[in-house]
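# Descriptive analysis of the structure
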Amino acid sequence: MHVNYRGTSQANEELAALPPRGWNSYDSFSWTVDESAYLQNAQILAEKLLPHGYQYAVIDFLWYRKYVDGAYTDSYGFDNIDEWGRPFPDLQRFPSSTVDRGFSQIASKVHGMGLKFGIHLMKGISVQAVNANTPILDIKTGKPYIEDGHQWTARDIGLTHRTCAWMPHGFMSVNTDTGAGRAFLRSLYRQYADWGVDFVKVDCIFGTDYSPEEIITISELLQEIDRPIILSLSPGTEATPALAENISDHVNMYRITGDDWDNWNDVSSHFSVSSSFAAAKKIGATGLRGRSWPDLDMLPFGWLTDPSVNQGPHRKCNLTLDEQKTQMALWSMAKSPLMYGGDLRHLDDITLSIITNPTLLKINHYSKNNMEFHYVHSERTSKKEHSGRFRSPYHVDLTKNDGMFVGLTACNDDTANGWYMISQDGKPDHICRNYEIQNDKSISFCLGKTQFVHYRGIISMDNMEHQSKFHLSVRNTSDTCLDASAGRRRTASEIRFPMFSACRWHAKQMWELNANGNLVSSYSGLCASVESRDEGGTNGARAWVATGSKGEIYLAFFNLDSTSRKMAARISDLGMVLRRALLRKHLCSCTEVWSGKNFSLTKEEISAVVNPHASMLFEIIC
C-alpha cells in the first residue's frame, strides 16, 4: 500500500534546506554490509551522531547481490530481481526482507530510532532484467504495462548502448521518451516509497556518465510521490558547474568528484573543484522540493575497508589527524553534505570530536558567502608568494597528448566550440581544434577520425545512426579508440591517463561533429574541449571565507604542502571580499577553532604557521 503523507508537515517541508548529514556503509563495508551490521551502525548513529544532525542511515550499493563466490562489482547473474525486473534485497544478508522482498522491516526499525532510511541505486534497469525480458509493471492496474495494444517489456526500454561504463554487466539506461520507460521507473520509485525509503543515491548517471533525461524523469516521478525523498547523485566523476546547471534544480545532492578515499591526494584534489562550484553560486541553489548541494563525497575516517573489495572493515584510516581536520574544515566551509563512512562500532573519541565540532557543524549548516579567499599570502622557507587567482578546472579530462587534454563539458560552454574536420587527399581525416597562437600561427590539437567497422559479438548502436558517427584515435589506426567514460570507478585524485581501448560500436566510443563546431559524445551528449592544464595545481596555500548567521567571519587557512607554511590574510582584504568594514578591530575577538587559541587583530592581518597538510580556522566576532 502506498504511504500517503499529503497534508502533513513532512510533505510540505522544504527538502534539504540544509546540507544533509548521515552515515553510509560504503567506506567501511564496500557492498558486503548485512542487516545486523547495518542496524548496529544505525543504533550508534542515533545515539551519538543524531544529536549533531546526522540523520540519514544509507545502505550503499549492490544490496540486491548475492554474497557468494564469483560475485563482485561487475559480475553478472548474481542479482535478485523480481518478476517485473526490479531488484530486491539479498535475503541471506537481509533476512527480514523475506517478509516483503523489500526493506520495510529495516526502514521501520530505523524510523523507530529517529533516523531516516536511505539506499543506493544504479541508473536505469539491470542487464539481467533486459536479458530475461521481464514485463513492466503498470502500478495503476497492477498488471503488465500495455500501450498501443502492445505489452511492453524490458528489452523495449533498455538502452543497450548506454550500459554503465564502470559496471557494463550490471545496469543500463532506460528510454525515458517512452511511456513504458517512465512506467518502469515509476514502479521502482513507488516501491521504494512503499518500503519507507527517505533517501536515494543514484549512481552512474552524472559526470562523464551524464543522463539528464533520466535524472529529470526520476525527479518528476519523486514529485508524484507524497513521501518526501532526498535525491542524491553519484559518483559525478569530474563534474563541472556548467554540467550541474542543467540538473541541480532537479536534485538535492550531486557528487562533483570521483570517490574520495583516505589518502591525501584525494583530499587535496577537492580544493579546486569545490572553489569552482562556490564561484558559480551552486551552494544551496534551488533543488528538488527545496535546495541542492554540491557533494564532496563521504568522510572516510575511523575503521574502513578498501575500494571495490568483497570485504568489510579491517583497517584504520590512513589520513593523519591534521589531514582529517583539513578535510572536515573544507567540507564544512564548502557546505558539502556530511556523510560519515567509517564503521561506527569502532568510533573513537578523537574522530567523534572532529565530526561533531560545534563550530564546524554551525558553519556547514548556517554560514553564508562561502567562497575561496584568493588573497592569502604565504611563505615557505625563503620563498614568498601570493596566491593570486586560481584557475578552476571546468572540464573532464579524458586524454593527454603533448601536454594537451581533451575534456568534456556542457555543449553551451564556450570552450566546447571550434572543432572542425580536415580532409586531405590520400590521408585520413582528422578532427581538430585550435588552442594556441605561436608566431602568428594557430597550433591545433587533432585526433584521427577512423571509419566504422562492425565488430562481432559487441552490443551495437542503432544502424540508423551509423552515417554521422565515428571513432577517434591519436594514431591513425582503427583498433584503439577514445572512450568518453572510464571503464571502472575512479578516485577523486586519480591521474587521468588516456582512455583508449579496443574499438567497438558502443556509444561511449562514438562521436559526432555538429554544425556548431561541437564534438559531441554519443554516450553522454556532452561536448569535447581542449586545454593545457598543470596537474600539479593542488600544492601551496589555499584559504576560504564565510560569514555566520550572527555576523561572525570565518577564515580558513589550508596548507597543501608537505612542509610548514607561514600564512597571512589582511583584514582589509577580508573586508573587501565580504563587503564589510572592520574599523573597530580592537572590539573584535579572533579564535582559532581547532586549538581554541586567541589571536590578535591589531597588526592589520591574521597570520599563523600552518603545519603540512593541516588547516587553521579562525572565528572573528566583533
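This report concerns the structure included in the present document. What you see is a predicted model; the values in this text were computed from it and never measured.

Basis of the calculations
- Residues numbered from 1 in each chain as written.
- Predicted model: local features only at pLDDT ≥ 70, side-chain atom pairs only at ≥ 80, totals over all residues.
- Heavy atoms only, no water.
- Helix = DSSP H or I, 4+ residues; strand = E, 2+ residues; numbered from the N terminus.
- Buried < 20%, exposed > 50% of the residue type's maximum accessible area, 1.4 Å probe, protein only.
- Contact = heavy atoms within 4.5 Å.
- Areas by Shrake-Rupley, 256 points an atom, 1.4 Å probe, with all protein chains shown as cover.
- Pairing = 2+ DSSP bridges.
- Axes fitted to C-alpha atoms, helices over the stretch in contact; angles between N-to-C directions.
- Parallel < 35°, antiparallel > 145°, perpendicular 65-115°, else oblique.
- Nonpolar A, V, L, I, M, F, W, Y, C, P; charged D, E, K, R; others polar.
- Phe/Tyr/Trp six-rings, centres within 6.5 Å; stacked < 30°, edge-to-face > 60°.
- Lys NZ or Arg CZ within 6 Å of the ring centre and 35° of its normal.
- Disulfide = S-S within 2.5 Å.

Turning next to the overall build of the protein. Helices and strands together make up the secondary structure of the protein, namely 15 helices and 39 strands. Within the protein, the proportion of its 622 residues that are buried is 59%. Partitioning the intrachain contacts of the protein with sequence separation of at least 6 by distance along the chain shows that 72% fall at a separation of at least 24. In the form shown here, the protein has an accessible surface area of approximately 24,600 Å², with 48% of it arising from carbon and sulfur atoms.

Take the sheet that holds strand β25 (residues 427-438) next. Strands sit in the order β24-β25-β26-β27 across an open sheet of four strands; the sheet is antiparallel. Two strands in the sheet have a free side with no partner beyond their single neighbour: β24 (419-424) and β27 (471-473). With direction set aside, neighbouring strand axes in the sheet form an average angle of 45°. As judged from the five bridges shared by β24 and β25, these two strands associate in the antiparallel manner. Counted as the bridge partner of M421 is I431 from β25.

The next point concerns the packing of helix α11 (residues 270-279) against helix α12 (residues 321-333). At a minimum axis distance of 11 Å, the contact between α11 and α12 shows a crossing angle of 10°. For the element pair α11 / α12, the angle class is roughly parallel. Along its contact with α11, which presents H270, F271 and S274, the element α12 presents T326, L330 and W331. Of the residues assigned to the contact of α11 with α12, the class counts are three nonpolar, three polar and no charged.

Another point: the packing of aromatic side chains. Under the counting rule described, the total for this entry stands at 22 aromatic pairs. Arranged with centres 6.2 Å apart and planes meeting at 40°, the rings of W23 and Y38 form a pair that is tilted. With a gap of 15 residues between them, W23 in strand β1 (residues 21-24) and Y38 in helix α3 (residues 35-49) connect regions that are remote in the sequence. Among the residues examined, Y38 registers a relative accessible area of 0% and is labelled buried. For the ring pair Y56 and F199, a centre distance of 5.3 Å and an interplane angle of 45° mean the geometry is tilted. Remark: F199 occurs in strand β11 (residues 199-203) and Y56 occurs in strand β2 (residues 56-59); sequence separation between them is 143 residues. Sitting over the ring of Y523, R162 keeps its end group 4.4 Å from the ring centre.

Attention now moves to the pairing of strand β10 (residues 171-174). Relative to β10, strand β4 (residues 125-126) runs antiparallel, the two sharing two bridges. Residue pairing across strands places I125 opposite M172, the latter belonging to β10. Here strand β9 (residues 158-163) pairs with β10 via two bridges, running antiparallel. Across the sheet, residue T163 finds its bridge partner in β10, namely M172.

Regular strands have side chains that alternate between both faces of the sheet. Only one face of strand β36 (residues 589-592) is buried, namely the one carrying C590 and E592, since none of S589 and T591 on the opposite face is buried. Of the strand pairs in this sheet, β36 and strand β39 (residues 615-621) are connected by four bridges, and their pairing is antiparallel. Of the residues in β39, the one forming a bridge with E592 is F618. The hairpin turn running from β36 into strand β37 (residues 598-599), its antiparallel successor, is five residues long, and G596 in that turn takes a positive phi close to 80°.

What follows covers unusual backbone geometry. A cis geometry characterises the amide bond from S234 onward to P235, with omega recorded as 0°. By secondary structure assignment, the location of P235 is in the loop between β12 (230-234) and α9 (241-244). For R101, which is not glycine, the phi dihedral falls at a positive 50°. Under the relative-accessibility criterion, R101 is labelled partly exposed at 33%.

Moving on to the sheet that holds strand β34 (residues 553-559). Spatial ordering of the open sheet is given by β19-β33-β34-β39-β36-β37, a layout of six strands whose pairing is antiparallel. Among the strands making up the open sheet, the edge pair consists of β19 (368-372) and β37. The pairing of β34 with β39 spans six bridges and is antiparallel. Across the sheet, residue F558 finds its bridge partner in β39, namely S615. The strands touched by α11 are β19, β33 (541-547) and β34; relative to β33, the strand with the most contacts, the crossing angle is about 35°.

With that settled, the discussion passes to the state of the cysteines. Taken as a whole and assessed by the stated rule, the structure comprises five disulfides. Shown here is the disulfide that connects C411 with C527, its sulfur atoms set 2.0 Å apart. Residues C411 and C527 share a disulfide whose torsion about the S-S bond is about 90°; that sign makes it right-handed. Highlighted residues: C411 in the loop between β23 (404-409) and β24 and C527 in strand β32 (residues 527-532), separated in sequence by 116 residues. Given the relative accessible area of 28%, C411 is considered partly exposed.

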